[in-house]
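Now for the letters of each chain:
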Amino acid sequence: MAGLLFALPGVCNGYASTPVFRQEDAGDALVRLSPHVSVCQDTVNGVFIEDTGRTLVIYGDPSGCVEKADMVLFTHSRRDVVWAGRKLVEGGAESIVPRAEADNFTKVNDFWLSFVNRRYHDYEQQTTKIPTEPLKVGRAVASGEQISWQDTPVRVLDTPGYTRGAVSYFINVDGLTYGFVGDLIYGDGHLMDLYSLQDGVAEAGIGGYHGYAGRLGDLIKSLRKVIDQNPDILIPAHGPVIRNPKQAIERLIQRLQAAYANYLSINAGHWYFNERYEVLAKRVLGTAFRVDWMPYAQVIEKAPPRWIIPIHNSRLLLSQDKSGFLIDCGSEAIVGEVTQLKEQGQLERLDGVFITHYHDDHTDKVSELVKRFGRPVYASQQSADILANPTAYRLPCLTSNAISNLTVVRDGHKMRWKEFDFTFYYFPGQTLYHDALLVEKDGREKIFFIGDSFTPSGIDDYCLQNRNFLHRGMGYFYCLDLLRKIPAEHLLINEHVLEPFRYSKDQIAHMTQVLEKRRQILADLFPWDEPNYGIDEQWARIYPYGQQAEAGQYVGVTVKILNHSSSAQVYAVSLTVPENLQSEPKSASVRIEPREEAELHFRITIPEPVSKKLYVVTCDVEFDKWHLRDWCESLIEIHP
Ligand SMILES: [Zn+2]
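About the cut-offs
- Residues numbered from 1 in each chain as written.
- Predicted model: local features only at pLDDT ≥ 70, side-chain atom pairs only at ≥ 80, totals over all residues.
- Heavy atoms only, no water.
- Helix = DSSP H or I, 4+ residues; strand = E, 2+ residues; numbered from the N terminus.
- Buried < 20%, exposed > 50% of the residue type's maximum accessible area, 1.4 Å probe, protein only.
- Contact = heavy atoms within 4.5 Å.
- Areas by Shrake-Rupley, 256 points an atom, 1.4 Å probe, with all protein chains shown as cover.
- Lys, Arg positive; Asp, Glu negative; His and termini not counted.
- Charge placed at Lys NZ, Arg CZ, Asp CG, Glu CD.
- Donors = N, O, S within 2.8 Å, 3.2 Å for Na, K, Ca; no water.
- Tetrahedral: all angles 85-135°; square planar, octahedral: opposite > 155°, others 65-115°.
- pLDDT = per-residue confidence, 0-100.
- Core = buried A, V, L, I, M, F, W, Y, C linked by side-chain atoms within 4.5 Å.
- Pairing = 2+ DSSP bridges.
- 1 Å grid on protein atoms, 1.4 Å probe; cavity = no way out; pocket = protein on both sides within 12 Å on 5 of 7 lines; lining within 4 Å.
- Points joined across faces, edges and corners; volume = space filled by probe spheres on them.
- Nonpolar A, V, L, I, M, F, W, Y, C, P; charged D, E, K, R; others polar.
- Axes fitted to C-alpha atoms, helices over the stretch in contact; angles between N-to-C directions.
- Phe/Tyr/Trp six-rings, centres within 6.5 Å; stacked < 30°, edge-to-face > 60°.
- Lys NZ or Arg CZ within 6 Å of the ring centre and 35° of its normal.
- Parallel < 35°, antiparallel > 145°, perpendicular 65-115°, else oblique.
- Left-handed = near helix turned anticlockwise from the far one by under 90°.
- Disulfide = S-S within 2.5 Å.
- Expected span 1.5 Å × (residues − 1).
- Arc of directions from axis to C-beta.

Engineer: How would you sum up the overall build of the protein? Please name residues and give values.
Structural biologist: If you tally the helices and strands in the protein, you get 14 helices and 36 strands. Along the three orthogonal principal directions, the C-alpha set of the protein runs to about 90 × 65 × 40 Å. By residue count, 61% of the 640 residues in the protein fall in the buried class. The long-range share in the protein, meaning contacts at least 24 apart out of those at least 6 apart in sequence, stands at 66%. Counting every atom, the protein has about 24200 Å² of accessible surface; 47% of that belongs to carbon and sulfur. Between the averaged position of the 66 positive side-chain charges in the protein and that of its 82 negative side-chain charges there is a distance of 3 Å.

Engineer: Just give me the short version of the coordination of the zinc ion, but keep the residues and values in it.
Structural biologist: Looking at the zinc ion, one finds its protein donor set to be His357 (NE2), His359 (ND1), Gln430 (OE1) and Asp452 (OD), positioned 2.1 to 2.3 Å from the metal centre. Considering all 4 donor atoms around the zinc ion, the spread of angles at the metal, 88 to 172°, places the coordination shape in the irregular class. Within one chain, the residues donating to the zinc ion are spaced in sequence as H-x1-H-x70-Q-x21-D. On the accessibility criterion, histidine 357 (1% relative accessible area) is buried.

Engineer: Requested: an account of the confidence of the model for the protein, with residues and values cited.
Structural biologist: When pLDDT is averaged across the protein, the result is 95; 96% of the residues are at 70 or more. pLDDT under 50 marks residues 1-19. Its contacts with residues more than four places away, or in other chains, come to 42 contacts.

Engineer: Before we move on, can you summarise the nonpolar core with the specific residues and values?
Structural biologist: Counting residues in each nonpolar core, the largest one holds 112 residues, and the members touching the most others are Leu194, Leu256, Leu264, Phe448, Phe454, Tyr503 and Trp539. With 10 residues, helix H6 (residues 245-265) is the largest single contributor of residues to this core. When neighbours within four sequence positions are excluded, tyrosine 503 is seen to be in contact with Met294, Ala297, Gln298, Phe454, Thr455, Pro456, Gly458, Leu483, Leu492, Ile508 and Met511. The next biggest cluster of nonpolar side chains, apart from the first, holds 35 residues, and it includes Leu350, Tyr358, Leu387 and Ala392.

Engineer: Just give me the short version of the sheet that holds strand S10 (residues 167-173), but keep the residues and values in it.
Structural biologist: The strand order S8-S9-S10-S11-S12 describes an open sheet built from 5 strands, whose pairing is mixed. Either end of the sheet is taken by a strand with one partner, and the two such strands are strand S8 (146-149) and strand S12 (233-234). One ladder, built from 5 bridges, connects S10 with strand S11 (residues 176-180); its direction is antiparallel. Looking at S11, one finds that valine 173 is bridged to leucine 176.

Engineer: Outline empty space enclosed by the protein, supporting the account with residue identities and numerical values.
Structural biologist: Inspection of the entire model under this criterion finds 6 cavities of 30 Å³ or more. For the largest cavity, the calculated volume is near 240 Å³. If you trace the largest cavity, you find 20 residues lining it, with Arg394, Glu537, Gln538, Tyr545 and Glu633 closest to the centre. Secondary structure elements with two or more residues in the lining of the largest cavity: strand S28 (540-543) and strand S36 (626-638). Class assignment of the residues belonging to the lining of the largest cavity gives a composition of 9 nonpolar, 6 polar and 5 charged.

Engineer: Which residues make up unusual backbone geometry, and what values do they have?
Structural biologist: Across the junction of tyrosine 543 and proline 544, the peptide omega takes the value -5°, indicating a cis bond. Mapped onto the fold, proline 544 is located in the loop between S28 and strand S29 (546-549). Phi at asparagine 230 is positive, roughly 50°, even though this residue is not glycine. Of note, asparagine 230 is situated in the loop between helix H5 (216-228) and S12. A relative accessible area of 59% means that asparagine 230 is categorised as exposed. One non-glycine residue with positive phi stands out, namely lysine 322, at about 70°. Here lysine 322 lies in the loop between strand S15 (314-318) and strand S16 (323-327).

Engineer: Could you give an account of the sheet that holds S28, with specific residues and numbers?
Structural biologist: Taken together, 4 strands build an open sheet; the order of strands is S28-S30-S34-S32 and the sheet is antiparallel. The open sheet has two edge strands with one neighbour each: S28 and strand S32 (582-584). Direction aside, the axes of adjacent strands within the sheet are offset by 30° on average. Taken together, the 4 bridges between S28 and strand S30 (residues 554-562) define a ladder with antiparallel strand orientation. Looking at the pairing, isoleucine 542 lines up with valine 559 of S30.

Engineer: Explain the packing of aromatic side chains to me, using residue names and the numbers behind them.
Structural biologist: For the structure shown, the criterion picks out 42 aromatic pairs. Arranged with centres 4.9 Å apart and planes meeting at 50°, the rings of tryptophan 307 and phenylalanine 420 form a pair that is tilted. Of the two residues, tryptophan 307 is situated in the loop between strand S13 (299-300) and strand S14 (308-311) and phenylalanine 420 in strand S21 (residues 420-426); the sequence distance between them amounts to 113 residues. Each member of the pair, tryptophan 307 as well as phenylalanine 420, is classed as buried. Seen from their ring centres, phenylalanine 501 and tyrosine 503 are 5.7 Å apart, and the 75° between their planes marks the pair as edge-to-face. On the basis of relative accessible area, phenylalanine 501 is assigned to the buried category, the value being 0%. Using a relative accessible area of 5% as the deciding quantity, one classes tyrosine 503 as buried. Grouped by ring-pair contacts, the aromatic residues Trp307, Phe325, Phe354, Tyr378, Trp417, Phe420, Phe422 and Phe424 constitute a single cluster. Of note, arginine 603 hangs over the ring of tyrosine 554, and the distance from its end group to the ring centre comes to 3.8 Å.

Engineer: Any details on the packing of helix H9 (residues 332-343) against helix H11 (residues 366-373)? Residues and values, ideally.
Structural biologist: Where H9 contacts H11, the two axes come as close as 9 Å, and the packing angle between them is 25°. Classed by the angle they form, the pair H9 and H11 counts as roughly parallel. In the packing of H9 onto H11, the handedness of the crossing is right-handed. Note on element contacts: H11 touches H9 through Glu368, Leu369, Arg372 and Phe373, opposite Glu332, Val335, Val338, Thr339 and Lys342.

Engineer: Which residues make up the state of the cysteines, and what values go with them?
Structural biologist: Under the criterion given, the structure shown has 0 disulfides. Of all cysteine sulfurs, the one in cysteine 40 lies closest to cysteine 65, which takes part in no disulfide; the gap is 4.4 Å.

Engineer: Which residues make up H9, and what values do they have?
Structural biologist: End to end, H9 covers 16 Å across 12 residues, agreeing with the expected 16 Å (1.5 Å per residue, within 8%). Considered for burial, the residues of H9 that qualify are Ile334, Val335, Val338, Thr339 and Leu341. Projected onto a plane normal to the axis of H9, the buried residues spread over an arc of 155° and lie on a single side. Its buried side turned inward, H9 meets S14, S15, S16 and H11. Backbone geometry just downstream of H9 places glycine 345 in the positive-phi region, at approximately 85°.

Here you go:
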């Protein structure tokens, strides 16, 4: 590398302007790390390597202090990072992107147009935090390839994990080895979140929906590859510069393994997938580690009582006078079998349907069943909106079939049906929008229909996108509390499991303790002030997620923010709308009490005529130390 062109002070204050930097835009955020390398620590880190008046940029320029660059290196395609490099690339800099994620830069229009439909029945759970506008790619690279800038070689290493196809770059400058690792690590052994890692694990035959942080194995491998490069300084996309790479990485790996071992030990999937869970454990924890698996539920019956008829993943309650009450209806086959029972005379009439949760395999054919039998459909206040307006949500396994005319019951509502006493409960296990039904027959047999929330091996939280909160009194803490309160001799029925089962008191206490421990592990793992930000992608969301509009019209969107923090927070929100659209207001802020959700309302005017079939609106959220760019999105489809 040629000699130093100009001297950057340690901190940019008072620094005279140069042809390259407009330091007044960067202020205190610009820090020099070595004679040729400085970093602008803003909403993302922008790294500038200078030589003879030319600049190589990594990630981008978050504060607008570089006028011109030769090249911008992107480690991954997350739009909360990519935005920072866009202006430089549009101004002529060559963009270098990971080959495995190149389409996320160039083919974004195709992605979003197809996602209008692909978002239903989604079992892949991959991030949609990719750009909403295409970005020109200069060169797409992968492991082993070398880039050269001003005779300085840049080594490329595939480092999948946080995203599927990320790369890291290593450069020797000023006698130091710098590593640029994207979001593979944050600060001293932290990680931004776990939900971004959700993925299938082919080796264990586990699909994306069941793959809790499925890329953890890849992430750990990538972190070890980074150590092998012997970096002196790591600069991730977000957060502090890391000057102790080896210790920070080792700390992160330990925390990740602790979190994963804790997760596996009481997970519902151990019942479904059995020895395949050993494969999952080995990949992340290594061969020496033993998972402290919870023994299966203390009581496991062979089959339900005779008055409960299993029909695929529905259950039909049959009274003595041959009346029926159905729990869930997710397939044509279920409608067919209920119809057949009626035709054969085993079922005289159907009196009602109860929905445990919104997932497509429990709801897809409810409307069709109602068309045929014309009976009320029961759901809780918490579930009613997603069942009636699934299109307003971005969640896994979403149905596109809305259910109208719900009979909404409050938590704890009691109802006598034939010889049975029903108690309806809100039951936020497996997902935030989930209910349960306690059925007591003549005060003797007590069956608690808990949807997908538990199996004999534990809790069903393998899909991080389902919003299982780890606040005391919420999520599985709430469900376990309820299991303690309902009659002790109850049996649980999960409709994917034939065998009714019951945990012992000790098992319920054990699961609660494991979740308590998990709160601590995740508090250490994430950089947020409260661990739930790292497991709940939808703490900030735009409602509705999808809607249709006409040219010349305006539509309303609401930004909903759940304050996971333990203290009140002020959240500043601004909408980014595509060219020609207008948002009113452009930004707003709100103070939210702990664990409360608040709403900010915006009005978007659609131009006339329109130039696109689909507009993607995103929003920035600022609170605490965070300024998250283009964090969540909403789709506005234009009527032809
Ligand atoms: Zn489900």
